[in-house]
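Structural features, examined
So the chains spell out like this:
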Amino acid sequence: MYIHLQYNSRNSLKKVNTSSFSMKTKFNFAQLLIQWSIENPRTLPWIAEKNPYKVWVSEIMLQQTRVETVLPYFEKFIKAFPTIQSLAVATESQIFKRWEGLGYYSRARNMHFTAKYIVNELNGNFPNNRAALLKLKGIGRYTSAAIASFCYDENVAALDGNGIRILSRVFGIAENPWTLSGVTYFEKQAAAILPKNQAALFNQALMDFGSKICLPKNPHCQDCPFSFACKANREDRIAEFPIKKTKIELRKRHFHYFVIQDQKNNFWIHKRVENDIWKGLHEFYLIETTKKNLSKRVVQQIFGKLNSALNPEIILNFSQKLSHQHIFTYFYAVKPIEKAVQADFFLVKQENLKKFAFPKSILVFLENFIRL
Ligand code: SF4
């Protein structure tokens, strides 16, 4: 059965009687979308995958991360941890090493927690429906719907940023997708147009269409099968849909890393254990400030008693924006120190540094100066 859609006065979707329609608004969105995806197949390792563990890994990695970035990580991760059991018994350090550079490390930590939970509490059986999946740590509305539809053929729409963008533009939906009520609204509308028993196809097609045609900026409207009906396109209001997230002021943090070695060129590093960004990753000796300038007095207090060089020069700086923070990182070289600057620091040979997981800024430093 075809479902036809019309805009009501509040720019929302509404099922209507097909006989009263003009051809401009009468079209079957789902079937056009699926047709497009059949004609434009995508080959990615997780497409058409039915194994919930692999789908879960790919979906978590793809959160806020581009497909091209995820591809090599996905392959490496699945090679290292081919089953949920292997992930459950791995150490956090082993997992972080495979996640190193991908960012948003809480995703990896939550996956580890959930893998252990499924193996220990659910006999290794992945929950097979959206409601049960939603109860797992790190699995939200989108990911639960994606796993349920792709692996268990549950009739549920999975709306990520791509799906929201397409629906809001085609149907001119002016609800705010950054609020719970907004997401619920989009999900309801998607459920109304979801073709029966084709949820997996529909969801995959939405994602592919959003990453190939209806791009966030400069969408390819000339190649779009919906251009004749797309409200945003027809009214030249593409930039208005979907409603943008209110910009938040990023917290600025200045990280001053002192790259300290001993006389044998081993490196002093430690593990971040505080509940803060990069928990579980390793780093050099850090002094954090709220402004760029670092007081010489502070450096003197810390390093003076260890007979190191004072007035160290910045040898590299690096800036990185995270979701809520802007991190400015500066690296300084100091003369060798034989004693640990702090109790939790330990020495690592240069050739062994690659065994540890580091934040991206330190990886950049190591690649440029140590050439691991
Ligand atoms: S016409 Fe343009 S904006 Fe509308 S759905 Fe197609 S690509 Fe997106």
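All values derive from a computational prediction rather than experimental measurement.

1. A few points about the overall build of the protein chain
Tallying secondary structure elements over the protein chain gives 14 helices and nine strands in all. Split into buried and exposed, the 372 residues of the protein chain put 34% on the buried side. Long-range contacts, defined here as pairs at least 24 residues apart, represent 67% of the contacts in the protein chain between residues at least 6 apart.

2. What about the nonpolar core?
One finds Ala 157 and Tyr 257 to be the most contacted residues of the largest nonpolar core, which totals 89 residues. Each of domain 1 (5–240) and domain 2 (251–370) gives at least three residues to this core. Setting aside its immediate chain neighbours within four residues, Ala 157 contacts Ala 145, Glu 187, Ala 190, Ala 191, Leu 194, Ala 199, Phe 202 and Asn 203.

3. Digging into the site of the ligand
As a structural note, the neighbourhood of the ligand is formed by 15 residues, with Cys 214, Cys 221, Cys 224, Cys 230 and Asn 233 the closest of them. If you list the elements that add at least two residues to the shell around the ligand, you get helix 9 (161–171) and helix 12 (231–234). No other element matches the three residues that helix 9 contributes to the shell around the ligand. Looking at side-chain class alone, the shell around the ligand contains eleven nonpolar, three polar and one charged residues.

4. Concerning the domain arrangement of the protein chain
Entries for the protein chain in the domain assignment read domain 1 (5–240) and domain 2 (251–370). Using only C-alpha atoms to locate each centre, domain 1 and domain 2 end up separated by 39 Å. Taken together, the nine residues of domain 1 in the interface contact seven residues of domain 2. If you tally residues by element for the side of domain 1 that touches domain 2, the top one is helix 5 (residues 92–99), at four residues. For the side of domain 1 that touches domain 2, the residue count by class is two nonpolar, three polar and four charged.

5. Concerning the environment of Phe 29
Mapped onto the elements, Phe 29 comes out in helix 1 (residues 29–39). Residue classification places Phe 29 among the buried residues on the basis of 23 C-beta atoms within 10 Å. Sequence separation of Phe 29 and Asn 110 is 81 residues, and the distance between their C-alpha atoms is 36 Å.

6. Quick notes on the confidence of the model for the protein chain
Reading fine detail from the predicted coordinates is not recommended where pLDDT is low. Across the protein chain, the average pLDDT comes to 89, with 91% of residues at 70 or higher. Residue range residues 1–26 is modelled with pLDDT below 50. Its contacts to residues more than four positions away, or to other chains, number 35 contacts.

7. Let's talk about the sheet that holds strand 3 (residues 251–259)
Sheet architecture is open: four strands sit in the order 6-3-8-7, paired in mixed fashion. Unpaired on one side and paired on the other, strand 6 (285–289) and strand 7 (314–321) mark the two borders of the sheet. Averaged over all neighbouring strand pairs, the angle between strand axes comes to 20°, with direction disregarded. Bridge analysis of strand 7 against strand 8 (residues 325–333) gives seven bridges, and the strand direction is antiparallel. Each residue of the ladder has a partner; that of Asn 317, found in strand 8, is Tyr 330.

8. Comments concerning the environment of Glu 68
Among the structural elements, Glu 68 can be located in helix 3 (residues 67–80). Residues Glu 68 and Leu 133, 65 residues apart in the sequence, show an inter-C-alpha distance of 27 Å.

9. Some words on the sheet that holds strand 9 (residues 346–348)
On the basis of which strands lie adjacent, the open sheet formed by three strands has the order 5-4-9 and antiparallel pairing. The outermost strands of the open sheet, each flanked by one partner alone, are strand 5 (282–283) and strand 9.

10. Details of unusual backbone geometry
Here the residue pair Phe 241 and Pro 242 is connected by a cis peptide bond, since its omega of -10° sits within 30 degrees of zero. Take Pro 242: it is sitting in the loop between helix 12 and strand 3. The phi dihedral of Ala 48 is positive, around 70°, even though this residue is not glycine. By the element assignment, Ala 48 lies in the loop between helix 1 and helix 2 (52–62). Even without a glycine there, the phi angle at Trp 278 is positive, about 65°. For Trp 278, a count of 22 C-beta atoms within 10 Å puts it in the buried group.

11. Points about helix 3
Here helix 3 contains 14 residues, and its C-alpha end-to-end distance of 20 Å stays within 8% of the 20 Å for a straight helix at 1.5 Å per residue. If you check which residues of helix 3 are buried, you get Val 70, Phe 74, Phe 77 and Ile 78. Where helix 3 is buried, its residues meet helix 2 and helix 5.

12. Examining the environment of Ile 238
Along the polypeptide, Ile 238 turns up in the loop between helix 12 and strand 3. Since 17 C-beta atoms lie within 10 Å of it, Ile 238 is described here as partly exposed. When sequence neighbours within four positions are dropped, the list of residues in contact with Ile 238 reads Arg 169, Pro 219, Ala 232 and Asn 233.

Rules behind the numbers
- Residues numbered from 1 in each chain as written.
- Predicted model: local features only at pLDDT ≥ 70, side-chain atom pairs only at ≥ 80, totals over all residues.
- Helix = DSSP H or I, 4+ residues; strand = E, 2+ residues; numbered from the N terminus.
- Buried ≥ 20, exposed ≤ 12 C-beta atoms within 10 Å, placed from the backbone.
- Contact = placed C-beta atoms within 7 Å.
- Core = buried A, V, L, I, M, F, W, Y, C linked by C-beta atoms within 7 Å.
- Domains from an automatic or database assignment.
- Near = placed C-beta within 6 Å.
- Nonpolar A, V, L, I, M, F, W, Y, C, P; charged D, E, K, R; others polar.
- pLDDT = per-residue confidence, 0-100.
- Pairing = 2+ DSSP bridges.
- Axes fitted to C-alpha atoms, helices over the stretch in contact; angles between N-to-C directions.
- Expected span 1.5 Å × (residues − 1).

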